[in-house]
Each structure stands twice: as C-alpha cells, then as structure tokens.
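# Secondary and tertiary structure notes
Residues per chain are reported as follows:
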Amino acid sequence: MRRRRFFGASAAGGLTLGGAGGLASPSAMQTAKERPSALPPGVTPSAYTVPHSEYGAATTPDYFVYANDLVIERNRPGKPHKGKVLAAVQAHSDDIPIFCGGTVAKLIDEGYTGYLIRLSNDESGPVGNRGPNWTLGHGVLLSQKDNDAVAEALGCKKAFSLGYQNHRLDEDALIEIRGRLIFLFRLLQVDTVVCYDPYNDYEENPDHTVMSHAVQGACWMASEERDYPEHFKLLGFEPKGVREKYYVARAAHGHNTINRVVDISSYIDAKVRSNVAYKDKGSAGDAGLRLRRALAKQGKKLPLLGDDDDSANFNYVKHFMMDDNRVFGAQFGLEYAEAFHYLGPSDSRPNPRESRQKYIDAHAVPL
Ligand SMILES: [Zn+2]
C-alpha cells in the first residue's frame, strides 16, 4: 500500500524535525498510524479519517489541502501597510500566538497598527501557572495579564478582553458578540483580520467556532450603513468593511484548505515571545523554567535551557514548540511558516461597481 501523503500533494516524506524537539519524522508517524482499509482493489482513496483528536500538522494525514492559487507571502520591504489597521481576534490568550503569532508580528512590522481582541475570560483554560490551589477567578486575573502581555510581544497598540465565560461562548447570543465586534471594527477602522476559519467544518472547542462566525459576519456588516445606524449618526463612525482575512483552520481530521503560506522566518523570535507571554495556559509560558528547576532538583540541567529563567522559557518554546512551523516551512524552502485560508480583494477581477461607473463616465452625454 502506498504511503499516505503528508501535507497534501507535495509529499514531504523523509523530512525530519530539527532542533531539540526531536520528534519522529512525520512520515514515520503517519506510517505508524495507518489502519487496514477495506477499499476494493484499484480504488484510490481521496480522503482519510482520523479517529482521534490530534491538533497538529505533524500527526494528521492530509492536514492541509492546497488551493490552486496558493501564494507564498514573503517579507515586504519598507512599510507597505502603513495606515492600515489589523485586528487579531482570539477566543483565548494562546490562540493567536500558537497559530498566527509570526504573521501578526510580520504584518505589524510592515506597517499595520495592530489590535488584539480576546473574546473569553479564559477562566477554565488549562491550569499552567495557577499553583495547586487554583481557582477559576485566579485564572481570569492571570489570563487578563497574559492577553495584555501577548499583545505587547506582538507589537499591538492595544488589547481588548470582552470577558465572555470560557468554553461557554455558545450560550451567549451570537448577535451580541457580532455587534460588539462591529462596534470595534468601525471604531478602529479595521482593514484586516486574523482569526480562526469560519468556513471550516471544524473542531471541538465551541469558543473557536462561535468566534469565527461572529467575526465573519462582523467583517461584512461593519460596512453596512443600515446596521446599527447610531454608530454613524451619534458617534460619527465611518462604515468600513474588513477586506482582508487571514483565517486559520484546525480541523482535527485534516483537510484544512489553505491558499497562503506566510514566511515567518524573520519573526520566529517574536512568535516565541508571544507564546512565552501567556503563563496561565501552561503549554508554553513558564514551562522552560519549570523544567529547568525540576531538573536541578535531580542534579541535572539541559544546556539548551541556558542559565536563567528567561532563557529557559524562550529556548524551551523555540526548540520544543515550533516544530510544526519548521516542518511546514521546509516544504517551501522556508525556515518557518504559517498557513492560512486567505480572503482578500482581487486585483485581477473587475469590480462591477467600478466598471459601471467607468461606463457612465465614458458614455454619458448631455440631455
Ligand atoms: Zn482557543
């Protein structure tokens, strides 16, 4: 039986993960997970199912499927996005850092004014830094600080926390969440969003699903003058739709459609710092210093972790948690990369309104 493809049609079998992460090669991992199939001879499978939830490109067959118009977005010299506004929207303090921290840092460095908007209060996230006597309330306070620290690490101008209860976004009215986002998008005059992909058929975390659909609607409705007209009449806002979207899909069974690969090689350290910034989640944050101290109690040390807590945290995240970005980027000759379903204005397709106006300008004659 042919070995299953990894990362879609480009088949990166044989890639090994560098760095101290030292995971098995993706191809080996997939081979190990193969199950017997009852497909008749001669039938070529076009999809694979995954019987468990493994959120990761390195462990899920066909995690990405590629659109034909795939674009590799590289560094753009100068400040080409000067004057534009970016909203990175996340349900929890770790969503943007894990999946798109490099791209957000890149876009801001290239001129965007960035804002980080968090929907939940993160009260029931994984217990990382709360200590043995943790409480939900303690988590709310820590995560608020974490969200602000993530925004700072990415170069955002300001962070917002909307405070919905964690893992319960689906009991809040979608229309209220969307309305608050419309308010912020108009207030900030947002051009571009980074968020989870609302077009994906998705995953287990209800907060991600609700958020992505609220963002999707808000991007369009922010431009509609008849929605929430008091924003214009009383507050003086300008209607403005969000025209560019960098959406991240993380369906556990794979088949996440992408059409944009962003080279984040120059921004990997910023991405690492944004992951170190969220302490309450546990997966990154202070994981390096905890490991360093645990080893010290055994009379050991990892040279990789350096000689102080800051070095331990940074090096731990960079060498143990960036493998997906490294392996994915290697397929495109990039050191590190992030993957997106990108929606944006097209330069090549005619705009019907502009075409109509051009026709009127060219052909209108005096009465
Ligand atoms: Zn999340």
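Everything below is about the structure printed above this text.
Figured I'd write up the structure that's included with this text.

### Some words on the pairing of strand E2 (residues 85-90)
Summarising burial for E2: five of the six residues are buried, a large majority. Strand direction decides the pairing type here: E2 and strand E3 (residues 113-120), joined by six bridges, are parallel. When the bridges of E3 are listed, Val89 appears paired with Ile117. In this view, the connection linking E2 to its parallel neighbour E3 by way of helix H2 (residues 95-109) has right-handed handedness. Pairing geometry for E2 and strand E5 (residues 192-196), over three bridges, is parallel. Bridge assignment links Leu86 to a residue of E5, and that residue is Thr192.

### Quick word on helix H10 (residues 323-330)
Buried residues dominate H10, accounting for seven of its eight residues. Within H10, the full set of buried residues consists of Asp323, Asp324, Asn325, Arg326, Val327, Phe328 and Gly329.

### Structural notes on the nonpolar core
Ranked by internal contacts, the top residues of the largest apolar core, which has 76 residues, are Ala87, Leu116, Leu154 and Met211. Here this core takes eight residues from H2, the largest share from any one element. The residue makeup of this core includes at least three contributed by each of domain 1 (71-265 + 338-343) and domain 2 (290-320). In this view, Leu116 contacts Ala88, Ile96, Asn147, Val150, Ala151, Leu154, Cys156 and Ala159; residues no more than four positions away in its chain are not counted.

### Considering the sheet that holds E2
The eight strands lie next to each other as E1-E7-E8-E6-E5-E2-E3-E4, forming an open sheet whose pairing is mixed. The strands lining the two open edges of the sheet, one partner per strand, are strand E1 (64-73) and strand E4 (158-164). Each neighbouring strand pair of the sheet contributes to a mean axis angle of 30°, computed without reference to strand direction. Note: E5 against strand E6 (residues 244-248), five bridges, orientation parallel. Looking at the pairing, Val193 lines up with Lys245 of E6. In the packing of H2 onto the sheet, the strands contacted are E2, E3, E5, E6, strand E7 (256-263) and strand E8 (337-343), and the crossing angle to E2 comes to about 175°. Helix-sheet contacts for helix H5 (residues 206-221) involve E2, E3, E5 and E6, and the interaxial angle to E5 is about 155°.

Here is what the cut-offs are and how they apply
- Residues numbered from 1 in each chain as written.
- Predicted model: local features only at pLDDT ≥ 70, side-chain atom pairs only at ≥ 80, totals over all residues.
- Buried ≥ 20, exposed ≤ 12 C-beta atoms within 10 Å, placed from the backbone.
- Helix = DSSP H or I, 4+ residues; strand = E, 2+ residues; numbered from the N terminus.
- Pairing = 2+ DSSP bridges.
- Right-handed = clockwise from strand over helix to strand, strands pointing away.
- Core = buried A, V, L, I, M, F, W, Y, C linked by C-beta atoms within 7 Å.
- Domains from an automatic or database assignment.
- Contact = placed C-beta atoms within 7 Å.
- Axes fitted to C-alpha atoms, helices over the stretch in contact; angles between N-to-C directions.

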